[in-house]
Each structure stands twice: as structure tokens, then as C-alpha cells.
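Each chain, written out:
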Amino acid sequence: MEEISSLIHGFGVALSPTNVALMFVGVILGVIIGVLPGLGGANGVAILLPLTFGMAQTPGGATSAIILLSCIYWGALFGGAITSILFNIPGEPWSVATTFDGYPLAQQGKAGQALTAAFTSSFIGALLAVVMITFLSPVVAKFALAFGPPEFFAVYLLTFCAFVGTSKEPPFKTLAAMMLGFALAAVGTDTVTGTLRLTFGSTHLLTGFDFLVAVIGLFGIGEILLTLEEGLAFRGASAKINSKVVLETWRELPRYWLTSVRSTLVGCFMGIVPGGATPASFMSYGVARRFSPDGAKFGTGKVEGVVAPETAAHAAGTSALLPMITLGVPGSPTAAVLLGGLMIWGLQPGPLLFVEQKDFVWGLIASMYLGNIAGLIVVLTCVPLFAAILRIPFSIIAPVIIVICAIGSFTVKNAIFDVWMMVVFGVLGYLFKKTQYPLAPLVLAIVLGDNAESAFRQAMLMSQGDLGILFANALVGTMTTLALALLGWPMISALLGKLRGKQG
Amino acid sequence: MTDGPEGEGRAAFGQKSAELAVAAFFFVIGAVVIADSLRLGTGWQEVHGPRPGYFPFYLGLIMCAASLINAARALLAKRAEDKAFVEVGQLRLVLTVLVPTAVYAGLVSWIGIYVASFLYIALFMRWLGKYPWWKAAAVPGCLIVVFFVVFENWFKVSLPKGPLENLLGLG
């Protein structure tokens, strides 16, 4: 078992005092970010990423930096549940399904029970997903080592086509949003020939649009503008968790083991496929409602209705890192930001990481185990504190968040131009959200655009311009075919639906 | 849109107009991308392979096509589905935040991020939160000191400064 020894080595890296301290800092920051409106995993990590530039330059610093940032991600995943249950406001899109049963529980005075169930099942979902990452990622990486440019382009194609095929937004809006992302990625110096593209003589655009600024604007400012429409006040249940409630809930939870297993499977699958945590949580809630003997009572405050979406969301959020570290293709917007971080720190994400950066990869995987334990401890002990953050009036918290976003945008390249761009992206984010243009494929396209393009151009060079290279062997052919099938899926399923309608 | 009852709940824009506007935005961007790609060349070039405009050209084409389809779908949507995109009251709230934020972003290059942030948070608290002046000054006052220490001292990140910082010898 080579993985076990690598993992033990990883624990050695992750357990240094600095890294453990960073884990707790990351988790606490992450929960705060998850609780605050307008800040979430993706833009929270984006704001803090520039601050790690210096850290990543020291020996072993890149590992510490990724531990800090990934723990912010875990914290944000935990934090989303707090606002869903206590305030009926999903802090993160993947916690929407948690409000269905979590908020009724809180209204019945069982907030402590709901929170404990949510945190514990999140932890279990994440833990099982990390176990899967531990054993599956070296295999995937080894497999992917043989990939050339056509194979990588096929992987990118598959990722983006999967968005069109699986997203709940209208397919042509998904497509338009994605292409905008690619176009933004193309701005600046062409990586292959050095030609300037889409800059129109502006010196600000020479280095292109930074995905961090886009993420901060789209998710941060856009989200705040959306929240504003709902009014300025939050009303919430009070949070009390004591050890008695925790132990009682833990005694109850094993009853829902089957739900947990099902939800973890749904979550892991949806996380690896770039569907992400949000659909996973909804799917898992739906599946649990169908199969549970109490299914009819879902929505009135069943603990099982909290367990299912939380387990799946965390399993998906965690397994989204599997394709990120093995193939360099992130499964979620936050994973995309982390991937961008790796590139900025000078690490080339992809299968070679497992060969060249063993300390980094296994330190990260070990930190996933430890970070989630740290997360569980932090959220169980500090819930009232975090809930208190939401009691800060909106007229204070909103401008402070916007200022933090502005500082975050500035620090990316030390450019005031980026602060202006943040506002522009904020307005776009608001408009896109309201007209159902998905933001996740847009962000992924900005991050992966250059890589996808250069993979394509290298593949074309290999074949002297023959697109047939994307079907040249069984592997690349299967991936390309699958991608095209996913791309056409909305049309196929609409056609099937019509046929079925005619028969009925 | 002008007739109809006056009030906060009235639609400022319909969903259909918003859909069309966003589709138009995508179309324009797509057209710009196509235009620049044509300038760069979309064909094949010896040694380098596809020219720099090759990839963006097709992106632009897809973007324009997709936005035409989206616009058509918005036009064909049933009238009953044309619900309010944003109500007047909501739009007012959004603009009361958006306009000062845009002004704030513009001010950063003139007076530095610290003074701009102070003014922004203070005015926000005073106007939207109706806080007394001393509170609206104390909260952002403390915050920017914390920001200064965290960024300039801990992280050694130099944020934009203006005349005030220069006067105090902090620039």
C-alpha cells in the first residue's frame, strides 16, 4: 500500500505547528466567510490568495498556503449550514437544500440538534470523500501521466460540455456565459505567439483579466446587490449547542446510516463530474425523501432531511479537488480558484504533481483529514459566536465586505484598475444571476481558458490541423464522444420528452 | 411602463427587457471578439499552427449564436411570464449601494483606499443605517486602523495612499 506510506509522510508535513495553526485560522476565517452574505468559498479564497504570494515563496510555503486556503474552503462549507438553519438564508448555494428541514427544526427550538446533525454529517461526507481521494487520486494521476495535448483538450472539452449537459440553467445561457469566460481569458498576450489580443491599445489589459478580480466581483459584489433586494434585516433563531444536545443527536444519527451512504455516493460522483456541490445536495435530498420511511414528513423539520444534503454537499465539495490535483481540472468554482493559486505559486497542476511535488500533494491530502476534524471542533464549540456575526446590522457589514473585496481586488496586481473592474463584474454578476446565466462555467473558463486553448493548438500542430486527432485512439475518442453527447444532451432529452408527451 | 400604480412594488424593468439587454450584451462582446480575431487571422500558419485569432473567432461565433437564441427565447416567452425583473423599491436599494460603490472605486486613486473606505463606510452607516455621527465615524475609524496594521505591517502589502497619508508621513 504505497498510498498509506505516502499519506503518513503527508501527515508529517501537515502536522507541523505552523500548518496546524494555519488550519485553525483557515477554518475560522472560512466559517466567517461562509456565514457572511456576499462572501463565500470562491471569493473568500480569491481575496486571501494574493496575501499568500509571499508565503508560497518560502521552502514548504506552497504547502502551507494551500493548507490555509483549502481550510478556508472547508470552513465555508461548514459555515453555509449555520445561516441556513438559523436564519433560513443559505450562506452558500449548496446549503439551500439544508434550509428545507433545518429552518423548521430551528423554529421548533431544535436548532442545536439541527446544527449538530448538519456539522456531523458534513464531516462524515467530507471524510469519506477524502478517503476516496487518498486511494483514487494516485491511480487517476498515474493514468493521466500518459496524456498528451489531445487527451488534455478532450478532458477540458468533457468538463465544459458536462456543464451544458448537467446545469439546470438554460443550455444556451450556460454556453454564452462559458464563452464569455474563454473570451476574458484570451484577453492579453497570446501564450503561444506573444501577439496581443483583445486589448484595443489599453495598457491595463496587457496582462489580461485576472480571474481573482472576476470572482470577487461576480460572487462578492453581485451577491451583496442580490441580498439588498431582500431588504436590510436578518431575523434568526438563537443558537445554543451544549454537549448534552450534541451527544443526544450523535446517538440518533447512526439510524440514518443508509441515507449517509447514499448521499456520500451522490456527492462524490457529482463532485468529480463538474456538477458540483449544489446539485449534489438537491439530488441527495430528493433521493432521501423518496427512500426514507418518513419521506412524507420531509420539509417539516426532520433531522434526516438535514443529514442528506449536508453529507452530499461536503462529499461533493471535497471530491471536487480530486480532478483538480490529478488532472488540473477543478470540479467547482472554489476548486478553480485554488487551482489558479497553484499556477500563481509556480506549480503546474496535473498528474506530474504526484511525481514532482510529493510533499505538496500528500501534505494537502493529509490536511484534508485534519482540516475537517479542526472544522468540526471549531463549529461545534463556536456556533453562537458565528451566529452573532449575522446580528451585526447590514448597514455596517455590507460596506465593510465591499471594502474588503476592493482591497482584495487591488492586491491581486497592485492595480486600482482592478477595483473598477470589480465593480463592473459585480453589476454583471447581479444581472447574470437574475437572468439565470450560471457563473460557475464562466469562472472555470477564465481559469482554464489559456490551458484549454494551448492544449488545442498543440494538438492541432501534432495533427497538422486535422480535427480527427480528437478521435485518434480509444481513450481520446471516448472522451470526445462523451463530451459531444453531453453537449447535445439538453436537445436529446427535450426531444425524448416531446416524443413521450405525444405517446401519452 | 410609465402608467400603472405608483409605488415601491411596481416593476422597474420587466424580465423580458432584462433578458434582451443581457443577450445584447453577449452579442456585442461576441462581435468584438470576432472582429479582433479577424484582424489577428483565424487560419493556419506554418510552425505556429492555428493563428492567435483561431480559438477566439469560434468562441465569438458561438457567443453570438447563443445570444441570438437566448434573445429569441425571451421574445417568444409568454406575456404572463414577463414578471418584474426588479421592483422600483428594490432597484432604489440596489442603486443606493451601487452608486456610492462606483464613486468609492473612483475615489481610491485620488485619496487612497484608507480615506475612501472611511468615508464610504461612514456615509453608508449614516444614510442607510441612520447611526449617529459619532458611531458612523468611530466604527470605520477603528476598522481602517486595523486594516492598515494588518496589510501594511503584517502582510507587507502596500495599499493605495493619498494626500492624507503623505501628510502624516505614512505614505
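Residues numbered from 1 in each chain as written. Chains lettered and ligands numbered in written order. Predicted model: local features only at pLDDT ≥ 70, side-chain atom pairs only at ≥ 80, totals over all residues.

Description of the overall build of chain B
1) Next: A tally of helices and strands in chain B yields five helices and four strands.
2) Next: Starting at the N terminus and walking to the C terminus, you meet the elements of chain B as β-α-β-β-α-β-α-α-α.
3) Next: In terms of overall size, chain B is more extended than a compact globule, its C-alpha atoms giving a radius of gyration of 24 Å where 171 residues would be expected to give roughly 16 Å.
4) Next: When the backbone C-alpha atoms are referred to their principal axes, chain B occupies close to 65 × 60 × 25 Å.
5) Next: Buried positions account for 32% of the 171 residues belonging to chain B.
6) Next: When contacts within chain B are restricted to residue pairs at least 6 apart in sequence, long-range pairs at least 24 apart make up 61% of them. (Helix = DSSP H or I, 4+ residues; strand = E, 2+ residues; numbered from the N terminus. Rg over C-alpha atoms; globule rule 2.2 N^0.38 Å. Buried ≥ 20, exposed ≤ 12 C-beta atoms within 10 Å, placed from the backbone. Contact = placed C-beta atoms within 7 Å.)

Re the overall build of chain A
1) Next: When helices and strands are tallied, chain A shows 22 helices and two strands.
2) Next: Its C-alpha atoms give chain A a radius of gyration of 22 Å, near enough to 23 Å, the size a compact globule of 504 residues would have.
3) Next: Reported as C-alpha extents along the three principal axes, the dimensions of chain A are approximately 70 × 60 × 50 Å.
4) Next: Taking all 504 residues of chain A together, 62% fall into the buried category.
5) Next: Counting only contacts in chain A whose residues sit at least 6 apart along the sequence, the fraction spanning at least 24 positions is 79%.

Here we look at the packing of helix 3 (residues 41–48) of chain A against helix 10 (residues 211–229) of chain A
All names here are of chain A.
1) Next: Where helix 3 meets helix 10, the axes come as close as 9 Å, and the angle between the chain directions of the two elements is 140°. In this view, helix 3 runs oblique relative to helix 10, as classed from their interaxial angle. For the pair helix 3 and helix 10, the sense of crossing is left-handed. For the pair helix 3 and helix 10, contact is made by Ala 42, Asn 43, Ala 46 and Ile 47 and by Leu 212, Val 215, Ile 216, Phe 219 and Gly 220, respectively.
2) Next: Residue composition of the contact of helix 3 with helix 10, grouped by class: seven nonpolar, two polar and no charged. (Axes fitted to C-alpha atoms, helices over the stretch in contact; angles between N-to-C directions. Parallel < 35°, antiparallel > 145°, perpendicular 65-115°, else oblique. Left-handed = near helix turned anticlockwise from the far one by under 90°. Nonpolar A, V, L, I, M, F, W, Y, C, P; charged D, E, K, R; others polar.)

None of this, on its own, says anything about what the molecule does.
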